[in-house]
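As a plain string of letters, each chain reads:
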Amino acid sequence: MKRTTGYDRAVTSTWHPATQAVRGGTLRSDFGETSEAIFLTSGYAYDNAEEAAARFRGEHPGMTYSRLQNPTNMMLEERLCLLEGAEACRVTATGMAAMSTALMSHLSAGDHLVAGRALFGSCRILVDTILPRFGIHTTVVDGRDTDAWAKARRPNTKAFFLETPSNPGLDVVDIAAVADIGHDAGALVVVDNAFASPILQQPMTFGADVVAYSATKTMDGQGRVLAGAVLGSEKWITDTYMAMARHTGPVLSPFAAWVIHKSLETLDLRVRRMDANAAAVAAALDGRLPRLLYPGLASHPQRDLTMRQMSGGGTIIALFVEDRRQAHGLLDALQLIDISNNLGDSRSLMTHPASTTHASVPVAVREEMGITEGMLRLSVGLEDSRDIIADLDRALVAVGL
Ligand SMILES: *Cc1c(COP(=O)(O)O)cnc(C)c1O
């Protein structure tokens, strides 16, 4: 394998994100292929017995087993490092594999975790139910309230975990302020950046130590594969994350890695277009519904903070109608937008979180997260914004709005 200039950080760090997303991390075989190859291999063969032994001792840089290393995964990991400004990355089978391994590799029984309350449904279950089963104490705070993070610290606090903007309530957390408080307590600051993507927000520039993704969402962006990624310092990825992951095996399939790798070539284009579409849709509907939340709108309570740490309002809008009946009626009246719980897709998708993504979250917790029976989450896609607005207009009229 030949390393292209996309592998030379002295060169790639001078590139802009759109260039990094197209050319970063490319390895080329002797065939000189332009599109990166897929290495669907579980293992590797060695020229002789001593070479095999040397690779297992870590003295030879070659690969040994695809649970640990794979050329296709490596290309994707390098590309993601460049987009995030991170030293090291490991890709995972799903976003939840990324979140759970990032937290469980760092925490042990007796440790304490502080998390923002507005989290993706399964992340909330991880924090509230699964980690405590292993003796990890957790405290959940209103992520928007910086003082709440400070008050929640304990001598054994080892990690802060947050999502911003949050799913689906679009709470925005001040990453820089919370990271300072976390570091003061000696905690690792972990940010789930699935909603913004590295195009709109780079949490490490505000002090986050670890950034984790569901690459299933905006990174794939075409609804094909499940994937995740964890990014951090070389030291943390090697000594902490891989110390667990090499034995528990959350690794991504090379086929899915290749799909995501190719998707990243259009990430900058897609995210900027979806962001512009979302801003147009939010502006067109503002004032038409009982309530609408979009971090890029002047009416969003945290618009200034959003604009300080993101380069756009994002691609997700939360719409609030009266109740579940009206919300389901609106979904059923849509002709263009699909009823689907994925997000970040090229197709506009809408879901009713209380009866789908967050149905397994207890009602009291849902209410605390701002998920009402009348809430709908819209992921704005790549269609012409005029067609998206027309579809919503028709559906709103159908339910009397
Ligand atoms: C979807 C999602 C996850 C989980 O990712 P999967 O790929 O579905 O496992 C985690 N966090 C956020 C914010 C998400 O949107």
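As a further point, take the environment of Leu-131. Tracing the backbone through its elements, the reader meets Leu-131 in helix α6 (residues 121–133). Considering only alpha carbons, one finds Leu-131 and Ser-100, 31 residues apart in sequence, at a separation of 8.9 Å. Apart from the residues lying within four places of it in its own chain, the contact partners of Leu-131 are Leu-103, Met-104, Leu-107, Leu-113, Leu-126, Ile-136 and Thr-138.

Okay, the pattern of salt bridges next. Evaluated as defined, the whole model comprises 24 salt bridges. In this structure, the salt-bridge partner of Arg-9 is Glu-78, at a minimum N-O distance of 2.9 Å. With a gap of 69 residues between them, Arg-9 in helix α1 (residues 9–12) and Glu-78 in helix α4 (residues 71–84) connect regions that are remote in the sequence. For Glu-368, the salt bridge is made with Arg-124, and the minimal N-O distance between the two is 3.2 Å. Residue Glu-368 is found in helix α15 (residues 363–368), and its partner Arg-124 is found in helix α6; the two are separated by 244 residues along the sequence. Accessibility expressed as a relative area gives 33% for Glu-368, which makes it partly exposed. Residue Arg-124 is classed as buried on the basis of its relative accessible area of 4%.

What follows deals with the environment of Ser-348. Structurally, Ser-348 is set in the loop between β12 (338–339) and β13 (349–351). Residues Ser-348 and Gly-381, 33 residues apart in the sequence, show an inter-C-alpha distance of 4.1 Å. Filtering out sequence-adjacent residues up to four positions away, Ser-348 remains in contact with Ile-337, Asp-338, Ser-379, Val-380, Gly-381, Glu-383 and Ile-388. Engagement of the side chain of Ser-348 in a polar contact is seen with the backbone nitrogen of Gly-381, the distance being 2.9 Å.

Per the counting criterion, the structure on display carries two aromatic pairs. Judged by centre distance (5.1 Å) and plane angle (40°), the ring pair of Trp-149 and Phe-160 falls under tilted. Separated by eleven residues along the polypeptide, Trp-149 in helix α7 (residues 146–152) and Phe-160 in strand β6 (residues 157–163) bring together distant segments of the chain. Taken individually, Trp-149 and Phe-160 each receive the classification buried, so the pair is uniform in this respect. Where Trp-236 meets Tyr-241, the ring centres are 6.0 Å apart and the plane angle is 40°; that geometry is what we call tilted. Both residues of the pair, Trp-236 and Tyr-241, belong to the buried class. Positioned over the ring face of Phe-320 is Arg-291, at 4.4 Å from the centre of the ring.

Looking now at the sheet that holds β13. Two strands in a sheet stick together by hydrogen bonds in their backbones, pointing the same way (parallel) or opposite ways (antiparallel). Strand order in this open sheet of five strands is β10-β11-β14-β13-β12, and the pairing throughout is mixed. The sheet terminates laterally at β10 (291–293) and β12, the two strands that pair on one side only. Pairing of β12 with β13 involves two bridges; the strand directions are parallel. Within β13, the position partnered with Asp-338 by the bridge is Leu-349. On top of the sheet, helix α12 (residues 267–285) reaches β10, β11 (316–320) and β14 (375–379); it is set at about 20° to β11, its chief contact.

What counts, and where the lines are drawn
Residues numbered from 1 in each chain as written. Predicted model: local features only at pLDDT ≥ 70, side-chain atom pairs only at ≥ 80, totals over all residues. Heavy atoms only, no water. Helix = DSSP H or I, 4+ residues; strand = E, 2+ residues; numbered from the N terminus. Contact = heavy atoms within 4.5 Å. Salt bridge = Lys/Arg side-chain N within 4 Å of Asp/Glu carboxyl O. Buried < 20%, exposed > 50% of the residue type's maximum accessible area, 1.4 Å probe, protein only. Polar contact = N/O pair within 3.5 Å; in protein donor to acceptor, adjacent residues only side chain to side chain. Phe/Tyr/Trp six-rings, centres within 6.5 Å; stacked < 30°, edge-to-face > 60°. Lys NZ or Arg CZ within 6 Å of the ring centre and 35° of its normal. Pairing = 2+ DSSP bridges. Axes fitted to C-alpha atoms, helices over the stretch in contact; angles between N-to-C directions.

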